[in-house]
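Given next are the chains, with one letter for each unit.
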Amino acid sequence: MILGHSREGLAKAGGLATAQEIDQQPLAWADTLDIVEAGRPSISVFLAPLLAHPNLRIILTGAGSSAFIGETLAPYISRWLGRQVESIATTDIVTSPVSYFNAKRPTLLVSFARSGNSPESLAAIELADSLQPSCRHLVLTCSEHGELYRRSRENPRALSVLMPPDSNDRGFAMTSSLSCMLLACLAILLPRRFNPVECLNMLQRGRHLIDVLPRQLAGWAAAPPKRVVYLGSNELKGIAREGALKMLELSAGRIVALFDSAIGFRHGPKSVIDERTVVIQLISNQPHVRRYELDLLQELRRDARAEQVVALADRRDSIIDAGDRLYLPPGKEGDDMSLAFCYLPYLQYMAFQASMLLGISPDSPSPDGHVNRVVQGVTIYPYSEA
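Not measured: the values here are computed from a predicted model. Position numbers for residues start from 1 in each chain and track the written sequence from start to end. Local features in a predicted model are, by the rule used here, given only for residues with pLDDT of at least 70; side-chain atom pairs are given and counted only at 80 or more, and totals for whole chains, interfaces and linings are based on all residues. Each side-chain value is derived from all of the structure's non-hydrogen atoms; neither hydrogens nor water enter the calculation.

(A) The nonpolar core, seen in detail. Take the buried Ala, Val, Leu, Ile, Met, Phe, Trp, Tyr and Cys residues and link them wherever side-chain atoms come within 4.5 Å; each set so joined is a nonpolar core. Three exposure classes are used, based on accessible area relative to the maximum for each residue type with a 1.4 Å probe and protein chains only: buried under 20%, partly exposed in between, and exposed over 50%. Among the nonpolar cores identified, the biggest contains 90 residues, and L73, L140, M247 and I280 are the most heavily contacted of them. In this text, helices come from DSSP runs of H or I with a minimum length of four residues, and strands from runs of E with a minimum of two, each type numbered from the N-terminal end. With 15 residues, the top contributor of residues to this core is helix α14 (residues 336-357). With near-sequence residues (within four places) excluded, M247 lies in contact with W220, V228, Y230, I255, A257, M350, A351 and A354. L231, V272, L300 and I320 belong to the second-largest nonpolar core, a separate cluster that totals 18 residues. Note on definitions: a residue-residue contact is assigned when non-hydrogen atoms from the two residues lie within 4.5 Å.

Structure, rendered in structure tokens:
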């Protein structure tokens, strides 16, 4: 059984690859940490002179889910490194590169890419080299056959780190590819906090929660909602955004999914809630953030406008217990970045189950090519300020 389904049933429904790739994540995370540790000498040689600059600027970039990796990481790494860390999507860089590259600042561009063949990913590095020749590149990718990996290996200003082979998802939606690149970046930039020893509890908990997901979410999507809203704060906002994209992708757009922060949601987006809207709120373990989130949780439940308001949480609370909730299985509590790795499989599984219920192939939810696994149809134009 994989995620509560037989292998034969998944193959027939066109969901075997996606199910395997959600299921395999804790093992892939362990492999990712081992890869980074094995490459630590060359990583240290590459990073040491960059980190010696007190005004080093770190830009995290990618497209789609790969961009959301950066959105998840930026507030966390900035806080722990005490440096300027920004998340800027390649899709923004290619349209206005001069807005983002400053030749006067030492810069590290960290590129995330599953296949490494997205035209924006390749163009972002070319534009950085053109506008800021001193820019250095850290490339995290899942395919040794991708163009991004090939070019980075030939670039003396770049270091490339290849994720475990199984992380190069065969399914349409990014699942293990995203979480492995997320963890690799943390292990590279924050090695004291993210290494095989420090992450052992997170890996064990991840395996446990994968095993209990089908039972915990047995009633999920019994009748597909019209809309799903995902709410998260700080690093968990990036995870909320990724959850929304997974639902859109795997339901082929039949379920409209949105995201916001707990505080930002009140400023207009709350208008989207109606009787066929499910709200999934990712609850922080950080006491200060948690106060705001529990306030909103109570407010949404009092409003009684949504079909369902579900709190996804780690630490128990009487406010959470007053309504629908999903608690992580028992385990050592971590900070919100550790929670990100625990919450991701829940959101992936919700989207996967909705896809199966709707009779859509999770591995190929857009067989007509309306959207593609590797984006197509993008023309990259030579940059000119004129």
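(B) Local environment of the pairing of strand β6 (residues 227-231). Burial analysis of β6 places four of its five residues in the buried class, the great majority of the element. Call a crossover right-handed when, viewed with both strands pointing away from you, the route from the first strand across the helix to the second goes clockwise. In this fold, β6 hands off to helix α11 (residues 235-250), which returns the chain to strand β7 (residues 256-260); that crossover is right-handed. When DSSP locates at least two bridges between a pair of strands, those strands are taken to pair. Direction of pairing for β6 relative to strand β8 (residues 277-282): parallel, over a ladder of five bridges. Paired with V228 across the strands is V278, a residue of β8.

(C) Local environment of the UniProt feature "domain: SIS" (unreviewed entry) in the chain. UniProt positions are given in the numbering used here, feature names are shortened, and annotations may be inferred rather than shown by experiment. The positions UniProt marks with the feature "domain: SIS" (unreviewed entry) are residues 47-199 and 217-365. Helix makes up 40% of residues 47-199 and strand 18%, and the two end C-alpha atoms of the span are 22 Å apart.

(D) Up close: the sheet that holds strand β5 (residues 158-162). Taking strand neighbours across the sheet as the criterion, the five strands line up as β2-β1-β3-β4-β5 in an open arrangement whose pairing is parallel. Edge strands, defined here as strands with exactly one partner in the open sheet, are β2 (84-87) and β5. The mean inter-strand angle of the sheet, taken between neighbouring strand axes irrespective of direction, is 15 degrees. Across six bridges, the pairing between strand β3 (residues 107-113) and strand β4 (residues 136-141) is parallel. Of the residues in β4, the one forming a bridge with L109 is H137. Convention adopted: a line fitted to C-alpha atoms gives each axis, helices being fitted over their contacting stretch, and angles between N-to-C directions are expressed from 0 to 180 degrees. Where helix α7 (residues 119-131) meets the sheet, it contacts β3 and β4, and its direction lies at approximately 170 degrees from that of β3.

(E) Molecular detail of the sheet that holds β7. With respect to topology, five strands assemble into an open sheet ordered β7-β6-β8-β9-β10, the strand pairing being parallel. Each edge of the sheet is formed by a strand with only one pairing partner; in this case those strands are β7 and β10 (325-327). Within the sheet, the average angular offset between the axes of one strand and its neighbour, ignoring direction, is 15 degrees. Sheet topology note: the β8/strand β9 (residues 308-313) ladder contains five bridges and is parallel. The partner of V279 across the bridge, within β9, is V309. Across the sheet, α11 lies against β6, β7 and β8, angled at about 175 degrees from β7, the strand it touches most. Contacts between helix α12 (residues 287-303) and the sheet are confined to β6, β8 and β9, with β8 contributing the most and set at about 165 degrees to the helix.

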